[in-house]
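For reference, the chains in residue letters:
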Amino acid sequence: IPFAALRPQQPDALLALIAMHRADPRADKIDVGVGVYRDEAGQTPVMRAVKAAEADLFAEQRSKSYLGAEGDIRFAGLLTDLVFGEAKPESGRFGLQTPGGTGALRLGAQLLARAAPLSRVWVSQPTWPNHAPTFAEAGLATLVHPYFDLESRGIAFEAMLDALRQSRSGDVVLLHGCCHNPTGTQFTLEQWAEVAALCNDRGLIPFIDLAYQGLGDGIDADGAGPRQLLNAVPTALVAYSCDKNFALYRDRVGALFVQTGTKNLGDIARANALALARSLWSMPPDHGAAVVRTILDDNELRSTWNEELDRMRSRLNRMRAELAAAHSALAPIASQRGLFSLLPIGAGAVAKMRDSHGIYMPTDGRINLAGLNENNLPRFVDGLLPHLEQSAGVAQATVAVG
Ligand code: LMR
């Protein structure tokens, strides 16, 4: 067995960071690393709506017999309404339950690789580190387009469009539906319209990763841009994750939606997606999806969930406002959304903050705002400010020399 031919692998940086934080004995350490929501006490609790749905399932579930490669059909149907709105069902469109958002991305990637193996996938620079590998492992080439403007800490929208004008018909563009990971930026509705026009001009297929719906400005507001795009183009894919907005992380709850434009194409794409799912995981795990279905199907549970999600979002946005007020270089954080922001500091500063203050974040300077609370925010700011002064000095010196 030629395992010797395998190349050594670097451990996944984010998973390694979780382990490093766990091993740090300092009581006042601060984890702004992995993207999980935390409450004011630093906990990632099971939501009350989830607990109640689990109690219902425990009392009423009569069988755990197989459902099939498509998973829970009602679950996917209820999520369809969140993603596409409650417009009349469209015949060329289908949704399948997947193990988390990553399962949806991978299944979509495999489907694209089967349908159009030469199509290339454009991802933003930067993006979630797992995006490019997920497409590459499915056999698709990936390309990066500019996305983040280091000066304004916003979207380099024109540079992005310019790069995408180099795309070939049938290429795919991966778009973060809201709350971009890692920058916290998001398109305006006008920008979504421009992206849609570009997709139609160039025959570019949008693949929307919607992993944070509800954590930006609310379920409807966060879905508005993606919905507008989906209405404007014939062909699109959506990878949906319930890991964050239902706090079901390790239960791995997601769905893939595919929009094909016609019933025939929808039927053939669905049959192929089912065959691929069967070979990847045979059938998705049921529990988390059954919980989400139970919540969305019950008015009372649904409103409990909405209230909890509202509170999570308000806390995140309060932390954003408070951190943004600490230094002018942090001001853009206030208008960004979701869990993340990229701090304007380098890898050296990230390492120093970890060593001297027990503050844990990935080397690119991404922070999870939910790791902050009223208690640890002053210490976080103390650890950060000296590095901001330094990078402001460097930026100024560069401007002066330039
Ligand atoms: C993150 O970006 O921190 C999360 O999406 C967790 C993960 O799986 O990387």
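For the structure given in this document, a descriptive report is provided here. Just so you know, these numbers come straight off a predicted model, no measurement behind them.

1. Side note on the side chain of R354
Here is step 1: Counting through the fold element by element, R354 comes out in helix α12 (residues 347-357).
Here is step 2: Of the side chains bearing the opposite charge, D355 lies closest to the buried R354, which forms no salt bridge; the N-O distance is 4.5 Å.
Here is step 3: Residues in contact with R354, not counting those within four places in the same chain, are M20, R26, I359, Y360 and M361.

2. A word on the sheet that holds strand β4 (residues 141-146)
Here is step 1: The mixed open sheet is built from seven strands, whose spatial order is β2-β10-β9-β8-β7-β3-β4. The sheet is open, and its two borders are formed by β2 (93-99) and β4, each paired with just one other strand. Across this sheet, the average inter-strand angle for adjacent strands is 25 degrees, counted without regard to direction.
Here is step 2: Pairing between strand β7 (residues 172-176) and strand β8 (residues 205-210): five bridges, direction parallel. In the strand pairing of β8, H176 is matched with D209.
Here is step 3: Against the sheet, helix α3 (residues 73-84) makes contact with β2, β8, β9 (236-241) and β10 (253-259), and its axis sits at roughly 65 degrees relative to β10, the strand it touches most.

3. Section: the packing of aromatic side chains
Here is step 1: Counting across every chain of the model gives seven aromatic pairs.
Here is step 2: When the centroid spacing of 6.2 Å and the interplanar angle of 70 degrees are considered together, the rings of Y147 and F187 count as edge-to-face. In this pair, Y147 sits in the loop between β4 and β5 (148-149) while F187 sits in the loop between β7 and α7 (189-202), placing the two residues 40 residues apart along the sequence. You'll find Y147 and F187 in the same group, each marked buried.
Here is step 3: Taken together, a centroid distance of 5.1 Å and an interplanar angle of 90 degrees make the contact between F187 and W192 edge-to-face. Across the pair, W192 and F187 agree in class, each one buried.
Here is step 4: Chaining the aromatic ring pairs together yields one cluster made of Y147, F157, F187 and W192.
Here is step 5: Across the ring face of F84, the terminal group of R93 is positioned such that the distance to the ring centre comes to 4.0 Å.

4. Quick look at the state of the cysteines
Here is step 1: Evaluated as defined, the whole model comprises zero disulfides.
Here is step 2: C179 provides the cysteine sulfur closest to C178, a residue in no disulfide bond, and the two sulfurs are 3.6 Å apart.
Here is step 3: You can call C179 buried: its relative accessible area is 2%.

5. Some words on the packing of helix α2 (residues 48-60) against helix α10 (residues 287-296)
Helix-helix packing is characterised by the crossing angle of the two axes and by the distance between the axes.
Here is step 1: In the contact formed by α2 and α10, the axes pass within 9 Å of each other and the chain directions differ by 105 degrees. In terms of orientation, α2 lies roughly perpendicular with respect to α10. For the pair formed by α2 and α10, the contact residues are A49, V50, A53, E54, D56 and L57 on the first element and H287, A290, V291, T294 and I295 on the second.
Here is step 2: A class-by-class count of the residues in the contact of α2 with α10 yields seven nonpolar, two polar and two charged.

6. Structural notes on the pattern of salt bridges
Here is step 1: Applying the stated criterion across every chain yields a total of 13 salt bridges.
Here is step 2: Between R26 and D24 there is a salt bridge whose closest N-O contact spans 2.9 Å.
Here is step 3: Relative accessible area serves as the criterion here: at 29%, R26 is assigned to the partly exposed category.
Here is step 4: The salt bridge involving E374 is made with R318; its shortest N-O contact spans 3.9 Å. Placement of E374 in the loop between β13 (366-368) and α13 (377-401) and of R318 in helix α11 (residues 299-324) is noted, with a sequence separation of 56 residues between them.
Here is step 5: A relative accessible area of 39% means that E374 is categorised as partly exposed.
Here is step 6: The class for R318 is partly exposed, based on a relative accessible area of 38%.

7. Topic: the site of the ligand
Here is step 1: As a matter of local geometry, the ligand sits amid L14, V34, G35, W128, N181, Y212, K244 and R366.
Here is step 2: Here an oxygen atom of the ligand and a side-chain polar atom of W128 are 2.9 Å apart.
Here is step 3: Interatomic distance of 3.1 Å between a side-chain N/O atom of K244 and an oxygen atom of the ligand.
Here is step 4: Considering the ligand on its own, with 260 Å² of exposed area, one finds that the protein chains cover 75% of that surface.
Here is step 5: Tallied by class, residues from the shell around the ligand come to four nonpolar, two polar and two charged.

8. Thoughts on a nonpolar patch on the surface
Here is step 1: A contiguous nonpolar patch, built from I1, F3 and L6 and spanning about 430 Å² of accessible area, is present on the exposed surface.
Here is step 2: Tracing the sequence through the fold places F3 in the segment before α1 (13-23).

9. Quick notes on unusual backbone geometry
Here is step 1: With omega at 5 degrees, the peptide bond leading from Q125 into P126 counts as cis.
Here is step 2: Here P126 lies in the loop between β3 (120-125) and α5 (131-137).
Here is step 3: Following N181, the chain continues into P182 via a peptide bond in cis, with omega recorded as 20 degrees.
Here is step 4: Looking at where P182 falls in the secondary structure, it is placed in the loop between β7 and α7.
Here is step 5: For A247, which is not glycine, the phi torsion reads 50 degrees and is therefore positive.
Here is step 6: Tracing the chain through its elements places A247 in the loop between β9 and β10.
Here is step 7: Despite not being glycine, R252 has its phi angle at roughly 60 degrees, a positive value.
Here is step 8: Along the chain, R252 turns up in the loop between β9 and β10.

Reading the values: the criteria
- Residues numbered from 1 in each chain as written.
- Predicted model: local features only at pLDDT ≥ 70, side-chain atom pairs only at ≥ 80, totals over all residues.
- Heavy atoms only, no water.
- Helix = DSSP H or I, 4+ residues; strand = E, 2+ residues; numbered from the N terminus.
- Buried < 20%, exposed > 50% of the residue type's maximum accessible area, 1.4 Å probe, protein only.
- Lys, Arg positive; Asp, Glu negative; His and termini not counted.
- Salt bridge = Lys/Arg side-chain N within 4 Å of Asp/Glu carboxyl O.
- Contact = heavy atoms within 4.5 Å.
- Pairing = 2+ DSSP bridges.
- Axes fitted to C-alpha atoms, helices over the stretch in contact; angles between N-to-C directions.
- Phe/Tyr/Trp six-rings, centres within 6.5 Å; stacked < 30°, edge-to-face > 60°.
- Lys NZ or Arg CZ within 6 Å of the ring centre and 35° of its normal.
- Disulfide = S-S within 2.5 Å.
- Parallel < 35°, antiparallel > 145°, perpendicular 65-115°, else oblique.
- Nonpolar A, V, L, I, M, F, W, Y, C, P; charged D, E, K, R; others polar.
- Near = heavy atom within 4 Å.
- Polar contact = N/O pair within 3.5 Å; in protein donor to acceptor, adjacent residues only side chain to side chain.
- Areas by Shrake-Rupley, 256 points an atom, 1.4 Å probe, with all protein chains shown as cover.
- Patch = residues over 30% accessible without salt bridge, like charges linked within 9 Å, V, L, I, M, F, W, Y side chains within 5 Å.

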